[in-house]
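These are the residues of each chain, in order.
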Amino acid sequence: MSTQGITLNRYLWQQYKDDKIELDLLMVLEQMAYAGKILAGEISRAALVGHLGLAGEKNATGDSQKKLDIYSNEVVIDAFSHLGLVTAIASEELDEVELIDCGYDTPYILVTDPLDGSSNTDVAGSLGTIFGIYRRESTGLCATEADALRSGTELVTAGYILYSTSTILVITCGDTVQGFTLDPNVGEFLLSHPDIRTPESGKVYSANLSYYADWHPHLQQYVDYLSDRTDKSQPTSLRYSGALVGDFHRCLLQGGVYFYPGSNEQEDGKLRLLYECAPLALVAELAGGKASTGTQRILDIQAKSIHQRAPLAIGSTSAVSFYEQFLKTGTS
Ligand code: AHG
Ligand code: MN
Ligand code: MN
């Protein structure tokens, strides 16, 4: 038996040799993994190096930025700057699309939430990084904002890094989903979750129920149904961490549904289409799951602005379909 795991690099090299991915995409994924390693280290040391707390600024969608939000954004940008592969970045922490590498042959656009779940930074809770890669369509020297305004169906690859009890990188590769765990002793991501498939259903639901009074009555009936444990052969369980990446990761591996719906206050909810919903929707679908606004497939939505929001229900196919059904009718 081999004593060595399969490193991310080795895995991607094999995929390249088998014509499953292009060589430049291998490099892009390696750079994302590199950013993840830096962030995993820095997040674990944040309390010791003055990286906790607010930075004193607000981002484009009005969230108060944490010091780690800004640091994470810089790490991701630095990992891709002047590489000749990513020409522009749309990030939660940037007001506009930022050009990082002009060049006629620079092929990719990166969309990213560099630090997801940032309310967890100061309490050592789970955090994440979400990313998606689009092929650039414009042909000029520099990309334009329109290069980032795409629909999720055009994503070349997407994934996330979860910073928790371990650091996990989940990527789409071709039409598969692969999970790697960072071995801190050797500083490498090793294949730990090959060919991830989401269970068809699951008992967990994940949502911030403190918005209940502000939700559509059909959604309230859905939550009432979920939380009623009488006459259920498979009772449901509520799990909510405040970090989409962590809550989605649970649904991806064990089944269930995460939802962040629109409300009276925020018609399209809170989550951002381009760099939160769409990348995770691709992961969900390629793992056999589903992602929906409640009425529309997430991947079909054409982004109109880089920070646009979308309601999200994501996870097991049957659980998301059940959510859609309830939203439409108010009953199962
Ligand atoms: P971010 O930290 O990138 O702004 O994302 C936070 C998101 C998501 O991770 C989480 O599920 C949700 O916001 C939590 O919002 P509530 O506090 O409204 O539940
Ligand atoms: Mn986020
Ligand atoms: Mn964020």
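Residues numbered from 1 in each chain as written. Chains lettered and ligands numbered in written order. Predicted model: local features only at pLDDT ≥ 70, side-chain atom pairs only at ≥ 80, totals over all residues. Heavy atoms only, no water.

Notes on the coordination of the manganese ion (ligand 3)
Item 1. Within the first shell, the manganese ion (ligand 3) binds the protein through Glu92 (OE), Asp113 (OD) and Leu115 (O), at distances of 2.2 to 2.3 Å.
Item 2. Ordering the donors of the manganese ion (ligand 3) by residue number gives the pattern E-x20-D-x1-L. (Donors = N, O, S within 2.8 Å, 3.2 Å for Na, K, Ca; no water.)

Structural notes on the state of the cysteines
Item 1. Inspection of the entire model under this criterion finds one disulfide.
Item 2. Note on cysteine connectivity: cysteine 102 is disulfide-linked to cysteine 142, with sulfurs 1.9 Å apart. Taking the sign of the S-S torsion, 120 degrees for the link of cysteine 102 and cysteine 142, the bridge is right-handed. Residue cysteine 102 is located in the loop between strand E4 (98-99) and strand E5 (108-116), and its partner cysteine 142 is located in the loop between strand E6 (127-135) and strand E7 (157-163); the two are separated by 40 residues in the primary sequence.
Item 3. Given the relative accessible area of 28%, cysteine 142 is considered partly exposed.
Item 4. Cysteine cysteine 251 is unpaired, with the sulfur of cysteine 277 as its nearest cysteine sulfur at 14 Å. (Disulfide = S-S within 2.5 Å. Helix = DSSP H or I, 4+ residues; strand = E, 2+ residues; numbered from the N terminus. Buried < 20%, exposed > 50% of the residue type's maximum accessible area, 1.4 Å probe, protein only.)

Topic: the site of ligand 1
Item 1. Looking at ligand 1, there are 19 residues lining it, with Asp116, Tyr211, Tyr240, Tyr258 and Tyr260 nearest.
Item 2. One nitrogen or oxygen atom from the side chain of tyrosine 258 is found 2.6 Å from an oxygen atom belonging to ligand 1.
Item 3. Between an oxygen atom of ligand 1 and a side-chain N or O atom of glutamate 276, the distance comes to 3.5 Å.
Item 4. Look at ligand 1: alone it shows 470 Å² of surface, and the protein chains cover 89% of it.
Item 5. At the level of elements, E5 and strand E13 (257-260) are the ones that each hand at least two residues to the shell around ligand 1.
Item 6. Among the elements that line the shell around ligand 1, the one with the most residues is E5, at three residues.
Item 7. Classifying every residue of the shell around ligand 1 by side-chain character gives eight nonpolar, four polar and seven charged.
Item 8. Counting contributing residues, the shell around ligand 1 receives three or more from each of domain 1 (8-193) and domain 2 (204-329). (Near = heavy atom within 4 Å. Polar contact = N/O pair within 3.5 Å; in protein donor to acceptor, adjacent residues only side chain to side chain. Areas by Shrake-Rupley, 256 points an atom, 1.4 Å probe, with all protein chains shown as cover. Nonpolar A, V, L, I, M, F, W, Y, C, P; charged D, E, K, R; others polar. Domains from an automatic or database assignment.)

Looking at helix H4 (residues 217-227)
Item 1. Of all the positions in H4, only Leu219, Gln220, Tyr222, Val223 and Leu226 are classed as buried. Looking down the long axis of H4, one finds its buried residues gathered within 155 degrees of arc, a one-sided arrangement.
Item 2. Buried positions along H4 lie against strand E11 (204-206), E13 and helix H7 (317-329). (Arc of directions from axis to C-beta. Contact = heavy atoms within 4.5 Å.)

Section: the coordination of the manganese ion (ligand 2)
Item 1. Within the protein, the atoms that donate to the manganese ion (ligand 2) are Asp113 (OD), Asp116 (OD) and Glu276 (OE), at distances of 1.9 to 2.2 Å.
Item 2. In this structure the manganese ion (ligand 3) is found 3.8 Å away from the manganese ion (ligand 2), and aspartate 113 serves as a bridging donor for the pair. Placement of aspartate 116 in strand E5 and of glutamate 276 in helix H6 (residues 273-286) is noted, with a sequence separation of 160 residues between them.
Item 3. Judged by its relative accessible area of 4%, aspartate 116 is buried.

Structural notes on the sheet that holds strand E12 (residues 237-238)
Item 1. Pairing is mixed in the open sheet, where five strands are placed in the order E12-E11-E13-E15-E14. Strands with a single pairing partner mark the edges of an open sheet, and in this sheet they are E12 and strand E14 (290-292).
Item 2. Examined bridge by bridge, E13 and strand E15 (residues 312-315) share four bridges and lie antiparallel to one another. Looking at the pairing, tyrosine 260 lines up with leucine 312 of E15.
Item 3. Set on the sheet, helix H5 (residues 244-254) makes contact with E11, E13 and E15; between it and E13 the angle comes to about 150 degrees.
Item 4. In the packing of H7 onto the sheet, the strands contacted are E13, E14 and E15, and the crossing angle to E14 comes to about 25 degrees. (Pairing = 2+ DSSP bridges. Axes fitted to C-alpha atoms, helices over the stretch in contact; angles between N-to-C directions.)

Regarding the domain arrangement of the protein chain
Item 1. Domain boundaries in the protein chain define domain 1 (8-193) and domain 2 (204-329).
Item 2. Just the C-alpha atoms count here: the centres of domain 1 and domain 2 sit 23 Å apart.
Item 3. Of the roughly 2,800 Å² buried between domain 1 and domain 2, counting both surfaces, carbon and sulfur atoms make up 68%.
Item 4. Linking domain 1 with domain 2 are two salt bridges, by the criterion used here.
Item 5. Across the salt bridge formed by aspartate 63 and arginine 272, the nearest N and O atoms sit 3.4 Å from each other.
Item 6. On inspection of domain 1 and its partner domain 2, the count reaches 14 residue pairs in polar contact (both at pLDDT 80 or more).
Item 7. Secondary-structure elements contributing two or more residues to the side of domain 1 that touches domain 2 are strand E3 (86-91), E5, E6, E7, strand E8 (167-173) and strand E9 (176-183). (Buried area = accessible area lost by both parts, 1.4 Å probe. Salt bridge = Lys/Arg side-chain N within 4 Å of Asp/Glu carboxyl O.)

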